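# Structural features, examined
Spelled out, the chains give:
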Number of protein chains: 2
Amino acid sequence: MDLAEALEKIMSGLSSGRTIIVVGSMHAHYAGRSTSWLAEGDRLLIIKSDKSILIHRPTGYEPVNWQPPGVVINAQITEEGLVLECSRKSPPEILRIVITEVYSAESYRLVDNGEFIIHAREEDMKAAIINSPDIVEPGLRIVETERRIGDEYIDILAVDSSGQIVIIEIKRKRATRRDVEQIVDYATQVEKELGRKPRKILVAPSISKEAASLSMVLRVEYKCFSPRLAYEILSKKKGLDRFL
Amino acid sequence: MDLAEALEKIMSGLSSGRTIIVVGSMHAHYAGRSTSWLAEGDRLLIIKSDKSILIHRPTGYEPVNWQPPGVVINAQITEEGLVLECSRKSPPEILRIVITEVYSAESYRLVDNGEFIIHAREEDMKAAIINSPDIVEPGLRIVETERRIGDEYIDILAVDSSGQIVIIEIKRKRATRRDVEQIVDYATQVEKELGRKPRKILVAPSISKEAASLSMVLRVEYKCFSPRLAYEILSKKKGLDRFL
DNA sequence: CGTGCCAGGTGCCGT
DNA sequence: ACGGCACTTGGCACG
């Protein structure tokens with residue numbers, strides 16, 4: 001396809017809020033939070049209807065260059081080729097794309113109001129524990145969630161059957177040494193604020209060897225629980241609720 | 001476009017290692033590390049030549065659903081529509097895409113050997129400091145980089161003009177409370193291992209108010225330095241080297 | 001393979 | 001705007 005023709009497709013697509021797909025050979029330069037050069041090659045350029053921009057190579061998950069939604073786009077043909085300058089003010093950054101050959105350039109009016117539901121995340125683990133604290137320990141009572149201590153947040157604050165304060169930190173993946181350190185830091189903050197030494201329970205599907213030995217030293221308890229199991233429990237409960 | 005025609009485009013594209021772009025109405029279900037449902041809507045489906053898969057909505061940077069490179073793809077037409085089952089074993093997960101309407105389906109043989117160079121990252125800050133330790137403090141001598149302490153890594157280990165050990169932790173962005181805690185943790189490890197209390201210097205373009213007050217308490221020093229400045233210094237040095 | 005850590009991370013939510 | 005934090009984070013380097 002001709003560069004001039006492609007420019008027209010892009011301009012009309014931009015003005016009508018369509019999603020534009022250009023397949024072609026291009027190079028790009030980015031300057032902003034970082035600085036990058038992308039040499040010539042065949043790529044997929046996507047300009048979405050919210051003016052977010054993606055340059056995808058023919059492999060891999062990530063775009064090689066991009067701009068977030070809402071950039072200002074300036075398009076023109078120069079002796080270099082079809083030049084797109086995509087810039088924004090905060091943070092100040094610019095992506096300059098030079099398209100030298102166009103294999104395809106089309107725009108589409110895409111209507112997407114489809115709901116997106118995601119489960120089996122940390123949020124589900126939290127919900128399941130709030131719903132049934134016994135998952136962590138029999139007799140546990142939830143006091144507060146997302147409690148702010150200083151600048152940080154504690155997933156769940158609870159009280160055990162003997163009346164002692166319990167800090168619960170939830171991780172959806174294998175708990176690391178850092179996670180153990182984090183909950184200890186929370187405990188220090190809580191003790192400073194409430195004047196009582198809390199118990200510390202790390203809830204995660206597994207725990208690394210290093211984290212396990214550190215947790216012994218720092219008196220952090222570990223309870224095995226997974227996002228998948230949490231989701232199953234919640235689904236079952238929801239199913240029952242429908243019956244009752 | 002007809003679903004059967006689109007299926008043929010996809011199959012031939014897959015067998016010849018092309019990058020496939022389908023624009024159409026679809027819904028999807030993902031199960032694996034998490035679980036998600038995506039209701040019907042207009043989207044952009046990309047199957048790259050390495051068999052990575054991306055479903056992009058008409059807005060935003062991120063794909064709504066995806067699969068990393070190397071999945072096994074099964075495509076067929078059922079009464080639901082054009083069904084793509086993309087699965088992999090480790091971790092076990094599957095993305096099931098049902099395309100009900102196709103606006104466009106094309107495949108392209110993309111050749112992309114273009115180099116990608118990126119600068120002004122943490123790596124550049126480290127390189128600049130190793131090259132000219134005076135940036136951090138006059139008289140500083142680098143001892144070791146990426147020193148492993150336990151399971152963790154210290155960016156730079158150095159010795160100051162008075163012979164005291166210095167731990168340097170580099171951050172490309174504003175230093176947070178957590179960064180201060182991290183370097184203190186490193187210092188504890190170093191003291192345990194080397195038997196001497198090290199100085200702790202946090203190098204970052206800026207520091208949050210909370211982090212600054214915490215650094216006072218925990219005796220963490222702060223030195224202002226940015227990835228951009230590091231990159232400029234390195235570029236200048238490289239330019240000089242060419243002359244000498 | 002797991003383990004740690006950076007990333008132009010992005011996105012969400014809160015002050 | 002800054003701050004904290006999860007994410008199917010992805011990506012890389014290293015033991």
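Values in this document were obtained by computation on a predicted structure and should not be read as measured data. (Residues numbered from 1 in each chain as written. Chains lettered and ligands numbered in written order. Predicted model: local features only at pLDDT ≥ 70, side-chain atom pairs only at ≥ 80, totals over all residues. Heavy atoms only, no water.)

Here the focus is the protein's contact with DNA strand D. Among the 27 residues in the neighbourhood of DNA strand D, the closest are listed as A:Ser90, A:Asp151, A:Arg172, A:Tyr186 and B:Arg33. The sugar-phosphate backbone supplies 85% of the atoms of DNA strand D found within 4 Å of the protein. Contributions of two or more residues to the surface near DNA strand D are made by β10 (152–159) of chain A together with β4 (65–67) of chain B. Taken together, the residues that form the surface near DNA strand D break down as seven nonpolar, five polar and 15 charged. (Near = heavy atom within 4 Å. Helix = DSSP H or I, 4+ residues; strand = E, 2+ residues; numbered from the N terminus. Nonpolar A, V, L, I, M, F, W, Y, C, P; charged D, E, K, R; others polar.)

What follows is about the relation of the copies chain A and chain B. Mapping chain A onto chain B is achieved by rotating through 180 degrees and translating by 0.0 Å along the same axis, at an RMSD of 0.2 Å. This pairing of chains is accounted for by a two-fold axis. The fraction of interface residues of chain A whose copies in chain B are also interface residues reaches 100%, indicating that both copies meet through the same surface. (Least-squares fit on C-alpha atoms with pLDDT ≥ 70 in both. Contact = heavy atoms within 4.5 Å.)

Residues and elements named next belong to chain A. The strand order across the open sheet built from five strands is β9-β10-β11-β12-β13, with neighbouring strands paired in mixed fashion. The sheet terminates laterally at β9 (141–149) and β13 (221–224), the two strands that pair on one side only. The mean angle between the axes of side-by-side strands here comes to 30 degrees, regardless of whether they run parallel or antiparallel. Here helix α3 (residues 177–194) sits on the sheet and contacts β9, β10, β11 (165–170) and β12 (199–204); the angle it forms with β11, its principal contact strand, is near 150 degrees. (Pairing = 2+ DSSP bridges. Axes fitted to C-alpha atoms, helices over the stretch in contact; angles between N-to-C directions.)

Under the domain assignment, chain A is made up of domain 1 (3–108) and domain 2 (122–243). Its C-alpha centre places domain 1 of chain A at a distance of 45 Å from the equivalent point of domain 2 of chain A. (Domains from an automatic or database assignment.)

All names here are of chain B. Judged by pairing direction, the sheet is mixed, and its five strands sit side by side in the order β9-β10-β11-β12-β13 without closing on themselves. The strands lining the two open edges of the sheet, one partner per strand, are β9 (141–149) and β13 (221–224). Each strand axis lies, on average, 30 degrees off the axis of its neighbour in the sheet, ignoring direction. Sheet analysis places strand β11 (residues 165–170) next to strand β12 (residues 199–204), joined by five bridges and oriented parallel. Bridging across to β12, isoleucine 168 finds its partner in isoleucine 201. Along the sheet face, helix α2 (residues 122–131) touches β9, β10 (152–159), β11 and β12 and points at about 25 degrees away from the line of β10.

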